[in-house]
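Residue-level listing of the chains:
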Amino acid sequence: MKGKQSKNGHQAFEEETPPNDLKSEKKAPSTEQRNSLITRVSRLHAQQYFPVPLLPLIGRRQEVESICALLLQQGVRLLTLTGPGGVGKTRLALEIALETSTFFADGVYFVSLAPVHSVERVLPTIAQTLGLTETQGNDLFAQVQSVMREKHVLLLLDNFEQVATAAPELKKLLALCPHLTILVTSRTVLGLLEEREFRVAPLGLPNLTHLPRCEDLSQVPAVALFLQRAGVARPDFALTISNAQAIAQICVRLDGLPLALELAAARLKLFSPQGLLARLNDRLALLTSGTRDAPERQQTLRKTVEWSYYLLTPQEQRLFRHLSVFVGGCSLQAIEAISDIAGMQGESLLDAVTSLLNQSLLQREPQVGTDEQRFTMLETIRDYALECLQNSDEEEIIREVHAEYYLEQAQSLELRVIEGEPPYWVEWFESEFENLRAAFDWFLTSRDAERALSMSGSLWTFWLQSSIAEGQQWVRQALDCCQQNVVQVKDETKARTLHVAAMLACYKGMWEESDAFAQEAFQLFQATNNTHGIARVHITQAIGSLLREDYATTATIAEEVLRLLPETPHIWFSAEALLVLSYSKYSQGDYTKAYELGRQGFTLSRQTGELYSIIRAIYALALFAHTLGHQDVVQEMYEEEMSITRMMIEVGIRSPLAVCLIGMGAVVALQKQYMWAASLWGKAKVLYKRRDGLSELEPYKWLTTILKTHLLYAQVVEEVHTHLGEERFARAWDEGQHQPLEHLLTRPESSEPSANPLPSDTILVGMLPSGESLTPREREVLQLLTQGLSSQRIADSLVISQATVNSHVRTIYSKLGVSSRSAATRYALEHHLV
């Protein structure tokens with residue numbers, strides 16, 4: 001495009017005519033392209049003075065519609081498009097000008113302020129665009145006002161950020177020209193009362209977790225722009241199955257910034273998408289060589305960010321550098337923590353943060369579970385800020401303050417979780433995980449084993465909910481750091497971390513490792529007379545014994561824990577000990593005792609207010625009550641579970657909600673709602689996202705693992721699967737994954753019959769109280785039971801697991817309508833069942 005003078009002296013724009021020797025090399029435009037250009041040009045009339053974009057705008061249809069509607073609202077006279085450098089504000093503004101040109105009878109005027117660095121040159125530049133000549137002695141503002149006073153005009157002022165102090169002139173102009181509307185692009189807001197702001201966000205990004213097929217991926221805005229520019233760099237380039245993942249990752253790594261995407265696409269002349277992706281760790285050095293017609297500040301990604309940096313005050317530049325230490329964003333509280341060291345507090349700090357927001361160097365977003373805002377930097381901007389920090393003498397002290405802040409947060413939250421902190425903590429951990437990792441890495445780099453141990457151990461609640469394997473890695477690194485530490489580590493700190501190592505190994509089924517860590521932790525706690533620590537280690541040992549089906553050992557250890565725990569302040573641990581002891585009694589056939597302990601555990605769990613403890617206790621009590629025939633208690637537990645689940649829906653946190661659905665599925669399975677149980681579990685798998693890849697397991701294995709972690713009991717899966725059969729289980733699971741939550745929580749009208757008919761050799765036993773009959777295996781178990789054999793001896797005799805024996809015993813009790821071994825024996829003998 002080039003400018004030419006109109007008959008009125010205005011700067012108008014027309015398309016350049018290519019030289020004849022180049023015409024033959026250009027492809028003829030398609031019918032679609034030709035019609036698009038005709039449509040765009042037809043919108044113009046004689047007095048439009050702005051460059052008409054020749055390429056279609058990609059991925060901004062919604063923004064165009066929203067901005068046009070806003071711009072044409074009555075009372076909107078000054079609209080500023082803000083956003084970081086390279087986000088595409090100018091291109092979007094030109095599209096707005098094109099879309100709204102017919103609404104401004106006297107034209108649309110485009111004024112580029114990119115080359116203007118002096119406030120005094122703003123008005124002359126506007127005047128020049130209007131065809132006015134600056135002469136000595138003339139009041140230029142009066143001339144502009146005179147020309148614009150009665151005209152219905154849209155004035156588009158591009159790149160206003162470096163002359164933002166000229167904003168009051170715009171206010172005066174608007175006051176004197178009642179039909180004038182001004183559209184501004186700027187990296188910072190103008191700060192006028194009359195101003196309306198529209199923040200231009202980067203282009204929409206693909207979901208890397210669930211990458212769509214190529215046809216759909218190509219329609220994602222960031223990908224679509226990348227492909228368009230890639231086609232310019234390499235006309236034979238195409239999106240394929242083999243390069244789709246790399247292209248999607250490139251778009252995400254570049255934050256969806258149009259400038260960065262265009263610069264990256266140009267590099268496809270040298271690299272494959274996979275090779276380009278591998279080099280993006282140094283994107284500031286890689287993304288250079290912009291198009292020749294781009295402003296100098298947008299020739300490279302570095303210059304684009306640098307332009308914004310030099311517009312900051314020294315104090316704002318210092319804060320900008322310091323904020324680069326945060327990975328993935330932070331809260332205002334965190335910003336205040338690192339700013340104390342630089343002497344920035346109170347109003348001066350708030351003013352500096354506001355300025356960075358106004359200048360589009362910081363973004364803000366809501367933080368789940370609180371009324372607070374979270375502040376983030378685009379990664380391309382953070383790269384530059386981090387480079388500035390590394391080139392200063394401030395990096396070491398800022399990283400130290402950052403690491404100490406997150407250690408304190410982790411330690412504080414550990415206590416609050418077991419004291420009933422609402423489950424927002426799960427989201428806090430997820431949002432702050434990269435900051436926690438950065439802090440932990442700093443401790444390792446500094447060979448500070450004391451704090452590395454404390455950090456890795458304090459996060460145990462998060463490891464259990466999100467990534468046991470990653471937790472194990474952190475703990476091992478911290479323990480290895482002890483060997484290199486020059487300062488003596490406190491025994492109690494090491495003992496706590498060893499206990500966490502034992503706990504994580506226990507839930508992974510790594511029994512030898514768990515036992516070894518637990519024994520070492522026990523010895524250190526014993527040496528320091530830490531009763532609470534000893535009790536915590538014993539709870540982990542009891543859970544390990546329970547999961548290994550060593551119920552006698554489980555009971556012994558759990559009883560010892562309850563003896564020790566009155567000396568400790570946290571009832572959460574007492575609730576856990578009661579839960580484990582109740583399961584051991586249940587598995588040994590003492591259902592009445594299990595029920596009594598389960599009721600106590602449920603009461604204590606409710607007192608703690610800790611969600612996961614309550615869900616465990618609800619299912620345990622429901623299971624014990626069901627075995628004893630107390631269906632009213634089962635219904636009570638179902639209502640408790642439903643209430644908590646609905647509360648989690650209102651809260652809107654996915655992982656805790658998923659665990660609620662897992663617990664509810666287990667409870668309704670006791671009420672013979674097997675299809676419903678499977679559907680609830682299917683939905684839970686969709687919602688429950690973990691960092692350790694567990695979500696990728698096939699449904700049956702995933703569910704068994706999750707139930708052992710959260711309920712300490714997984715036999716219910718086998719029961720539901722057996723009743724439904726593979727086909728119906730899979731169908732119910734799939735239906736649950738796709739049903740809306742509200743529909744899924746509506747209770748089915750009746751219980752479902754078994755999908756598996758009784759085998760032909762089933763032994764009918766007259767009319768049992770349940771109306772059902774005993775299978776051959778159940779008859780074998782009953783016969784050995786009447787002989788006084790324990791569950792373990794029955795298991796050995798029949799070559800099955802003790803858990804399977806206990807499952808059969810519970811089914812026999814239910815069919816016979818009894819609740820103890822003696823009652824079952826008496827019934828069997830009286831009715832000649834053996």
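Since this is a predicted model, take the numbers as computed values, not measurements.

J.: Quick one: what's the story with the overall build of the chain, residue by residue and with numbers?
T.: What the chain contains, in helices and strands, is 40 helices and eleven strands. Every one of the 834 residues in the chain was classed for burial, and the buried ones make up 54%. A separation threshold of at least 6 residues defines the contact pool for the chain, and within that pool the share at least 24 residues apart is 71%. Taken as a whole, the chain presents about 36,700 Å² of accessible surface, with 50% of it coming from carbon and sulfur.

J.: I'd like a rundown of the packing of helix α32 (residues 654–670) against helix α33 (residues 674–687), residues and numbers included.
T.: At their nearest, the axes of α32 and α33 sit 8 Å apart, and the two run at 165° to each other. Judged on the interaxial angle alone, α33 and α32 are roughly antiparallel. Read as a crossing pair, α32 and α33 show a hand that is left-handed. Along the contact surface, α32 presents Arg654, Ser655, Leu657, Ala658, Leu661, Ile662, Met664, Gly665, Ala666, Val668 and Ala669, while α33 presents Tyr674, Trp676, Ala677, Leu680, Trp681, Lys683, Ala684, Val686 and Leu687. Of the residues contributing to the contact of α32 with α33, the split by class is 16 nonpolar, two polar and two charged.

J.: Tell me what's going on with the sheet that holds strand β9 (residues 330–331), and back it up with residues and numbers.
T.: Within a sheet, adjacent strands bond to each other through the backbone by hydrogen bonds, running parallel or antiparallel. Strand order in this open sheet of three strands is β9-β11-β10, and the pairing throughout is antiparallel. Two strands bound the open sheet, and with one partner strand each, they are β9 and β10 (363–366).

J.: Residue-level account of the packing of helix α31 (residues 631–651) against α32, with values.
T.: A pair of packed helices is captured by two measures, namely the crossing angle of their axes and the spacing between those axes. Remark: α31 packs on α32, axes separated minimally by 9 Å, with the N-to-C direction vectors making an angle of 160°. The orientation of α31 relative to α32 falls into the category roughly antiparallel. In the crossing of α31 with α32, the sense of the turn from one axis to the other is left-handed. Contacts from Val634, Tyr638, Glu641, Met642, Ile644, Thr645, Met648 and Ile649 in α31 reach Pro656, Leu657, Cys660, Leu661, Gly663, Met664, Val667, Val668 and Leu670 in α32. Grouping the constituent residues of the contact of α31 with α32 by class yields 14 nonpolar, two polar and one charged.

J.: So, the environment of isoleucine 800: which residues are in play, and what are the values?
T.: Summarising the element assignment, isoleucine 800 is placed in the loop between α38 (791–798) and α39 (802–816). Among the residues examined, isoleucine 800 registers a relative accessible area of 22% and is labelled partly exposed. Non-local contacts of isoleucine 800, meaning those with residues more than four positions away in its chain, are made with Arg777, Ala795, Val805 and His808.

J.: Please provide a residue-by-residue account of the side chain of threonine 82, values included.
T.: For threonine 82, the location among the structural elements is in strand β4 (residues 78–82). Within the local environment of threonine 82, its side chain forms a polar contact with the side chain of glutamate 197, the two groups lying 2.7 Å apart. Not counting the four nearest positions on each side in its chain, threonine 82 is found in contact with Lys89, Ser186, Thr188, Val189, Glu197, Phe198, Arg199, Val200 and Ser360.

J.: Quick rundown of the confidence of the model for the chain? Include the residues and the values.
T.: On average, residues of the chain score 85 in pLDDT, and 88% of them are at 70 or above. A low-confidence stretch, residues 1–29 (pLDDT under 50), is modelled with 36 contacts involving residues beyond four sequence positions or located in other chains. Ignoring residues within four places in sequence, the model shows residues 37–46, a span with pLDDT below 50, making 17 contacts including any to other chains.

J.: Mind laying out helix α10 (residues 241–253), listing which residues take part and the relevant values?
T.: Its 13 residues give α10 an end-to-end C-alpha distance of 19 Å, which sits within 8% of 18 Å, the value for a rise of 1.5 Å per residue. Turning to α10, its buried residues are Asn243, Ala244, Ala246, Ile247, Ala248, Ile250 and Cys251. Residues of α10 that are buried in the fold lie against α8 (214–217), α9 (221–233), α11 (258–266) and α12 (273–278). The positive-phi residue at the C-terminal boundary of α10 is aspartate 255, with phi of around 65°.

J.: How would you explain unusual backbone geometry if you had to name every residue and give the values?
T.: A positive phi is found at serine 360, a non-glycine position, where the angle reads about 65°. Mapped onto the fold, serine 360 is located in the loop between α17 (346–358) and β10. With a phi close to 65°, leucine 712 is a non-glycine residue in the positive phi region. Tracing the chain through its elements places leucine 712 in the loop between α34 (699–710) and α35 (715–738). Overall, leucine 712 belongs to the buried group, its relative accessible area being 5%.

J.: Give a detailed account of the packing of aromatic side chains, specifying residues and quantitative values.
T.: Applying the stated criterion across every chain, the model contains 27 aromatic pairs. Centroid distance tyrosine 591 to tyrosine 813: 5.1 Å. Interplanar angle 85°. Geometry classified as edge-to-face. With tyrosine 591 in helix α29 (residues 591–608) and tyrosine 813 in helix α39, this residue pair connects regions lying 222 residues apart in the sequence. On the basis of relative accessible area, tyrosine 813 is assigned to the buried category, the value being 0%. Each residue in the set Trp425, Trp428, Phe429, Phe433, Phe440, Phe462, Trp463, Trp474 and Tyr612 is aromatic and connected to the rest through ring pairs, giving one cluster. Lying over the aromatic face of phenylalanine 141, lysine 172 brings its terminal NZ or CZ to 4.9 Å of the ring centre. Lying across the ring of tyrosine 638, arginine 747 places its NZ or CZ 4.5 Å from the centre.

J.: Quick rundown of the side chain of serine 582? Include the residues and the values.
T.: Take serine 582: it is sitting in helix α28 (residues 571–587). Among the polar contacts listed, one links the side chain of serine 582 to the backbone oxygen of leucine 579, at a separation of 2.6 Å.

What counts and how
- Residues numbered from 1 in each chain as written.
- Predicted model: local features only at pLDDT ≥ 70, side-chain atom pairs only at ≥ 80, totals over all residues.
- Heavy atoms only, no water.
- Helix = DSSP H or I, 4+ residues; strand = E, 2+ residues; numbered from the N terminus.
- Buried < 20%, exposed > 50% of the residue type's maximum accessible area, 1.4 Å probe, protein only.
- Contact = heavy atoms within 4.5 Å.
- Areas by Shrake-Rupley, 256 points an atom, 1.4 Å probe, with all protein chains shown as cover.
- Axes fitted to C-alpha atoms, helices over the stretch in contact; angles between N-to-C directions.
- Parallel < 35°, antiparallel > 145°, perpendicular 65-115°, else oblique.
- Left-handed = near helix turned anticlockwise from the far one by under 90°.
- Nonpolar A, V, L, I, M, F, W, Y, C, P; charged D, E, K, R; others polar.
- Pairing = 2+ DSSP bridges.
- Polar contact = N/O pair within 3.5 Å; in protein donor to acceptor, adjacent residues only side chain to side chain.
- pLDDT = per-residue confidence, 0-100.
- Expected span 1.5 Å × (residues − 1).
- Phe/Tyr/Trp six-rings, centres within 6.5 Å; stacked < 30°, edge-to-face > 60°.
- Lys NZ or Arg CZ within 6 Å of the ring centre and 35° of its normal.

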